[in-house]
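Here are the chains, one letter per residue:
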Amino acid sequence: LKLLGPLAPLLLSEDHDDIETLQNRLRIYSLSLLGTSAFFWLWAVYNTIDLRSNGGFDLGIASFFGSGTSSLLLLRASLGGRCYDRNRRCGFCAKKSES
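Thresholds applied
- Residues numbered from 1 in each chain as written.
- Predicted model: local features only at pLDDT ≥ 70, side-chain atom pairs only at ≥ 80, totals over all residues.
- Heavy atoms only, no water.
- Helix = DSSP H or I, 4+ residues; strand = E, 2+ residues; numbered from the N terminus.
- Polar contact = N/O pair within 3.5 Å; in protein donor to acceptor, adjacent residues only side chain to side chain.
- Contact = heavy atoms within 4.5 Å.
- Patch = residues over 30% accessible without salt bridge, like charges linked within 9 Å, V, L, I, M, F, W, Y side chains within 5 Å.
- Areas by Shrake-Rupley, 256 points an atom, 1.4 Å probe, with all protein chains shown as cover.
- Salt bridge = Lys/Arg side-chain N within 4 Å of Asp/Glu carboxyl O.
- Buried < 20%, exposed > 50% of the residue type's maximum accessible area, 1.4 Å probe, protein only.
- Phe/Tyr/Trp six-rings, centres within 6.5 Å; stacked < 30°, edge-to-face > 60°.
- Expected span 1.5 Å × (residues − 1).
- pLDDT = per-residue confidence, 0-100.

Comments concerning the side chain of Ser71
At step 1: As for its placement among the helices and strands, Ser71 is situated in helix α3 (residues 60-78).
At step 2: At a separation of 2.8 Å, a polar atom in the side chain of Ser71 contacts the main-chain carbonyl oxygen of Gly68.
At step 3: If near-sequence neighbours (up to four positions away) are discounted, Ser71 is found in contact with Ser30, Leu33 and Leu34.

With respect to a nonpolar patch on the surface
At step 1: A cluster of nonpolar residues, Phe39, Phe40, Trp41, Leu42, Trp43, Tyr46, Phe64 and Phe65, forms a patch on the protein surface that exposes about 870 Å² of accessible area.
At step 2: Among the elements of the structure, α2 (19-51) and α3 are those that each provide at least two residues to the nonpolar patch.
At step 3: Per-element tally for the nonpolar patch: the top contributor is α2, with six residues.
At step 4: With respect to the helices and strands, Leu42 occurs in helix α2.

Quick notes on the side chain of Thr48
At step 1: Counting through the fold element by element, Thr48 comes out in helix α2.
At step 2: On the basis of relative accessibility, which here comes to 6%, the residue Thr48 falls in the buried class.
At step 3: With residues near it in sequence (within four places) discarded, Thr48 still touches Gly56, Phe57, Asp58 and Ile61.

Points about the packing of aromatic side chains
At step 1: Under the defined criterion, the tally for this structure stands at four aromatic pairs.
At step 2: Taking the centre distance of 6.1 Å and the plane angle of 65 degrees together, the rings of Phe39 and Trp43 count as edge-to-face. Here Phe39 and its partner Trp43 are both found in helix α2, four residues apart, which amounts to about one turn of the helix.
At step 3: Overall, the relative accessible area of 45% leaves Trp43 in the partly exposed class.

Points about α2
Three or four residues apart is the spacing at which side chains of an α-helix point the same way, because the helix has 3.6 residues per turn.
At step 1: Between the first and last C-alpha of α2 there are 47 Å, a value that for 33 residues agrees with the 48 Å anticipated at 1.5 Å per step.
At step 2: Residues of α2 that are buried: Arg25, Ser30, Ser37, Ala44 and Thr48.

Thoughts on α3
At step 1: Taking 1.5 Å as the rise per residue, α3 with 19 residues should run 27 Å; its terminal C-alpha atoms sit 26 Å apart, in good agreement.
At step 2: If you follow the buried residues of α3, they end up packed against α2.
At step 3: Remark: Gly80 follows α3 within two positions and exhibits a positive phi of approximately 75 degrees.

Some points on the confidence of the model for the protein chain
At step 1: Averaged over all residues, the pLDDT of the protein chain is 76; the fraction at 70 or higher stands at 68%.
At step 2: Across the protein chain, the element-wise mean pLDDT spans from 67 in helix α1 (residues 8-11) up to 91 in α3.
At step 3: Here residues 88-99 is modelled with pLDDT under 50, and outside its nearest four sequence neighbours on either side it reaches 17 contacts, counting other chains as well.

Have a look at this one:
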């Protein structure tokens, strides 16, 4: 339980019936994962620039890019397939269907 830290109440709660609560938790989790991935991806880019003089490459660039992409897709799924408010015309990847 201590290992999860502040994410413990989000991940171990018993109320799984309310869809909006679950989507909100997923949104918080994906945003925290996206922020962490972006930070460490930038750190890997910095390390690669520093290691270039010796011919080195930090593989964190690829792994944290993948983690960030995964969290963006998770964020998109938590928003119901869009990354903007319903009042906007375009969603995350495609135009909103008008009915």
